[in-house]
Amino acid sequence: MKLQSILKWIVVVTLSTTFDANAANIAVYGGYYATDITNWLNTTGNAASNRGEAEITGTDLLDVDVVIMDRTISGNIALADFIYAGGKLITEWSSSQYGMNLLGGHASDNYDGYITNDSINFSASGLALGLGQLIGASYRDGDRTEFFQDFDALGSGSILATRGSSGAPVIVGGSYGAGYIFVNGFDWSDAFPNASSQTHQLLLNQIDPSQVPVPAALWLFGSALAAVSRFGRIKRSR
């Protein structure tokens, strides 16, 4: 095989392994805009399935990387085991109570303190995790940043974002065993939009914030391109 063909093969392999590596198998549980969430996720390169309000079982989670659970679903031991073994949970509104319980904290409903289009301000810890990628340090999204849970105790969780109006925690994150929980204590799935929104990007950032190639693969890609270019110049000069 000629050197130029080998180098081009390296470029192709690098691109395929770099840009496809972030795709996740996602199980969406709930009856509140779960179909819209699932359909949109499947347009992003991820493989999402709508599990509806079915009971969560360990068998159903065997090939799953991320579980998204809305307010209509209660977590159970099977879900806790999934996270502990290395899975990821993303909550919405009152399902955050289950997530906080796993972290040793506590959350409760607060219907009186709602503010439509309140802002979500990422903390330094949240930004370090990539939550602000392609969003910035804060965002607001109408009815999807309107109702918020009260986090009475954080347990082992860290504050990843706060409300603009009060400074109260609104996104808490923490490890549970080998897995991770994003406790979103607000109504981000309300009238889940088909058009592009920052709520979309927040969800992607929580699923996997690494939207850019990993440095090692990027270095290999750049090196291969440079080698192909040098080879072409040498060949033309002969």
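Everything in this summary refers to the structure shown in the same document. Predicted model, so just to flag it, every value in this text is computed and none were measured.

Bringing the overall build of the protein into the picture now. In terms of regular secondary structure, the protein is built from seven helices and eleven strands. For the protein, the proportion of its 238 residues judged to be buried stands at 45%. Considering only residue pairs separated by 6 or more positions, the protein has 63% of its internal contacts joining residues 24 or more positions apart. Roughly 11400 Å² of accessible area belongs to the protein as shown, and the carbon and sulfur atoms make up 55% of that amount.

Bringing unusual backbone geometry into the picture now. The residue Asn117 is not glycine, and still its phi comes out positive at about 65°. Checked against the element boundaries, Asn117 lands in the loop between β5 (106-108) and β6 (120-122). Look at Leu134: it is not a glycine, yet its phi comes out positive at around 60°. Here Leu134 shows up in the loop between α5 (124-128) and β7 (138-139). What makes Leu134 exposed here is its relative accessible area of 68%.

Here the focus is the side chain of Glu92. By the element assignment, Glu92 lies in the loop between β4 (88-91) and α4 (96-102). Among the polar contacts listed, one links the side chain of Glu92 to the side chain of Arg71, at a separation of 2.4 Å. Beyond its immediate chain neighbours, meaning those up to four positions away, Glu92 contacts Met69, Asp70, Arg71, Asn184, Phe186, Asp187, Trp188 and Ser189.

Quick look at helix α6 (residues 198-207) now. Every α-helix winds through 3.6 residues per turn, so residues three or four apart in the chain are directed the same way. Most of α6 is tucked away: nine of the ten residues are buried. For α6, every residue scored as buried is listed here: Thr199, His200, Gln201, Leu202, Leu203, Leu204, Asn205, Gln206 and Ile207.

Let's shift gears to the packing of helix α2 (residues 34-41) against α6. Relative orientation of the contacting elements α2 and α6 amounts to 70°, with a least axis distance of 12 Å. On the basis of the axis angle, α2 is roughly perpendicular to α6. Crossing of α2 over α6 shows right-handed handedness. For the pair α2 and α6, contact is made by Ile37, Trp40 and Leu41 and by His200, Leu203, Leu204 and Ile207, respectively. Partitioning the contact of α2 with α6 into residue classes produces six nonpolar, one polar and no charged.

Buried within helix α3 (residues 77-84) are the following residues: Leu79, Ala80, Phe82 and Ile83. Buried residues of α3 fall within an arc of 160° about the axis and therefore sit on the same side. In α3, the exposed positions angled more than 90 degrees off the buried face are occupied by Ile77 and Tyr84. Its side-chain oxygen placed 3.2 Å from the backbone nitrogen of Ala78, Asn76 serves as the N-cap of α3. Just beyond α3, the residue with positive phi is Gly86, at close to 125°.

Within the largest apolar cluster, 29 residues are counted, with the highest numbers of intra-cluster contacts made by Leu41 and Leu203. For this core, the secondary structure elements donating two or more residues are β1 (25-29), α2, β3 (66-69), β6, β9 (158-163), β10 (169-176) and α6. Not counting residues up to four positions away in its chain, the partners in contact with Leu203 are Ile37, Trp40, Leu41, Ile68, Ile90, Trp188 and Phe192. Of all hydrophobic cores here, the second largest spans 22 residues; its members include Ile56, Val64, Ile83 and Val172.

All right, on to the pattern of salt bridges then. Tallying each qualifying case throughout the model produces four salt bridges. Of the charged contacts, one joins Arg163 and Asp118 as a salt bridge, the two residues approaching to 3.0 Å between their closest N and O atoms. Here the residue Arg163 occupies a position in strand β9, and Asp118 occupies one in the loop between β5 and β6, the gap between them amounting to 45 residues. Members of the salt-bridge network, linked through shared partners, are Arg71, Glu92 and Asp190.

Below, the discussion takes up the side chain of Asp70. Considering the arrangement of structural elements, one finds Asp70 in the loop between β3 and α3. Notably, Asp70 is buried but unbridged: the nearest opposite-charge side chain belongs to Arg71, and the N-O separation is 6.2 Å. A polar atom in the side chain of Asp70 sits 2.6 Å from the side chain of Thr72. When neighbours within four sequence positions are excluded, Asp70 is seen to be in contact with Tyr29, Gly30, Gly31, Tyr32, Glu92 and Ser95.

Calculation criteria
- Residues numbered from 1 in each chain as written.
- Predicted model: local features only at pLDDT ≥ 70, side-chain atom pairs only at ≥ 80, totals over all residues.
- Heavy atoms only, no water.
- Helix = DSSP H or I, 4+ residues; strand = E, 2+ residues; numbered from the N terminus.
- Buried < 20%, exposed > 50% of the residue type's maximum accessible area, 1.4 Å probe, protein only.
- Contact = heavy atoms within 4.5 Å.
- Areas by Shrake-Rupley, 256 points an atom, 1.4 Å probe, with all protein chains shown as cover.
- Polar contact = N/O pair within 3.5 Å; in protein donor to acceptor, adjacent residues only side chain to side chain.
- Axes fitted to C-alpha atoms, helices over the stretch in contact; angles between N-to-C directions.
- Parallel < 35°, antiparallel > 145°, perpendicular 65-115°, else oblique.
- Left-handed = near helix turned anticlockwise from the far one by under 90°.
- Nonpolar A, V, L, I, M, F, W, Y, C, P; charged D, E, K, R; others polar.
- Arc of directions from axis to C-beta.
- Core = buried A, V, L, I, M, F, W, Y, C linked by side-chain atoms within 4.5 Å.
- Salt bridge = Lys/Arg side-chain N within 4 Å of Asp/Glu carboxyl O.
- Lys, Arg positive; Asp, Glu negative; His and termini not counted.

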